[in-house]
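Structure at a glance
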Amino acid sequence: MELRHLRYFVAVADAGSLTVAAQQRLHTSQPSLSRQIRDLESELGVQLLARRARGIELTPAGRTFLDHARLVLSQVDAASEAARRVAHPSKPCFTIGFLTGHELRWMPEALRILRDELPNIDVMVSSQYSPQLAEGLWKGKIDVAFLRRERGMPELAYRVLVKEPLMVVLPSDHRLAALKAISPKDLVGETFVIVSNTAPVLRAVIDKYLKRSGIDITPAHEADHLAMGMSLIASTGGVGLLPAYAQNFLPSSVTSRPLKGDAPTVDLVLGYKKSNQSPILKLLLSKLDELVARASSKTR
């Protein structure tokens, strides 16, 4: 087993599709990628992915292996960065964290604002679940992060970047996909896929919205991350509620529709530790309006 096997597997799991992972993330051919995944499964002696007509679905063994694969790769990245820091001790490091999936919109703009400072610093990027990002801020391992407003950490400060509306995500051939907008009552009786407690803030927003709408829905499946959610929706013919940014990652077998009426929103915030005196952090905070304006213009 080599590191590339782990990177390939994580890329496929995140994309929810061998084709998307091969073409858009790994820049290789699908047959070659499939062969690498089969080699990995053969060495492990377990099936990691279930191939479906609409994409791939992680098996229980695959979901467990994914968490460990992410940990191994993050440790390798940390070891590489530690070596670089020793080689360049005079160059300070600034670590930016991203709630996985938000790098596409926010990272280029953040780096553009820091452009003049980049020759003088090493920038590290950390992509994780929101609670882990908040913990990284609290422990001083991350300088600033794009995340949810996590509770129970008074040492952290948050600045709202955008309120993301929730939308209905469903298979492209689902009967509700014929509607321009979907009301909460339309979801009753459907196989409902909900986010797990790996995203506690988003889960609370969804639960509150369903309760406010007066509908009784018992989730059939819980998804730990975006790719898993879309895979479950595609494979079960179910529906789910996800923030609007998910539209950037929908495979062709899955589509989205807005909610009718007063749709719920979830805040994406810029978080940092109040005691962090980094001049780079201060620079970024001073240009927060510019950051939001640039990122917002990309979605118009």
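Remember, predicted model here, so these are calculated numbers, not experimental data.

To continue, consider the nonpolar core. One finds Val168, Leu187, Phe192, Ile206, Leu210 and Leu241 to be the most contacted residues of the largest nonpolar core, which totals 36 residues. Secondary structure elements with two or more residues in this core: β6 (156-171), β7 (192-195), α7 (200-212), α8 (226-236) and β9 (239-243). The element best represented in this core is α8, accounting for six residues. Those residues within four positions of Ile206 in sequence are excluded, and the remaining contacts are Leu166, Ile194, Val195 and Leu241. Of all hydrophobic cores here, the second largest spans 24 residues; its members include Phe98, Leu114, Leu161 and Val292.

The full count for this structure, using the stated rule, is twelve salt bridges. We note a salt bridge from Arg175 to Glu190, for which the minimum N-O separation is 2.6 Å. Here Arg175, found in the loop between β6 and β7, pairs with Glu190, found in the loop between β6 and β7; they are 15 residues apart in sequence, far enough to count as distant. Assessed through its relative accessible area of 57%, Arg175 is described here as exposed. Overall, Glu190 belongs to the buried group, its relative accessible area being 16%. Measuring nitrogen to oxygen at the nearest pair gives 3.1 Å for the salt bridge that ties Arg294 to Glu290. With Arg294 and Glu290 both in helix α10 (residues 288-297) and four residues apart, this pair spans about one turn of that helix. Accessibility expressed as a relative area gives 34% for Glu290, which makes it partly exposed. If you follow the salt bridges from partner to partner, you end up with Arg203, Asp207 and Glu222 in one network.

About the thresholds
- Residues numbered from 1 in each chain as written.
- Predicted model: local features only at pLDDT ≥ 70, side-chain atom pairs only at ≥ 80, totals over all residues.
- Heavy atoms only, no water.
- Core = buried A, V, L, I, M, F, W, Y, C linked by side-chain atoms within 4.5 Å.
- Buried < 20%, exposed > 50% of the residue type's maximum accessible area, 1.4 Å probe, protein only.
- Helix = DSSP H or I, 4+ residues; strand = E, 2+ residues; numbered from the N terminus.
- Contact = heavy atoms within 4.5 Å.
- Salt bridge = Lys/Arg side-chain N within 4 Å of Asp/Glu carboxyl O.

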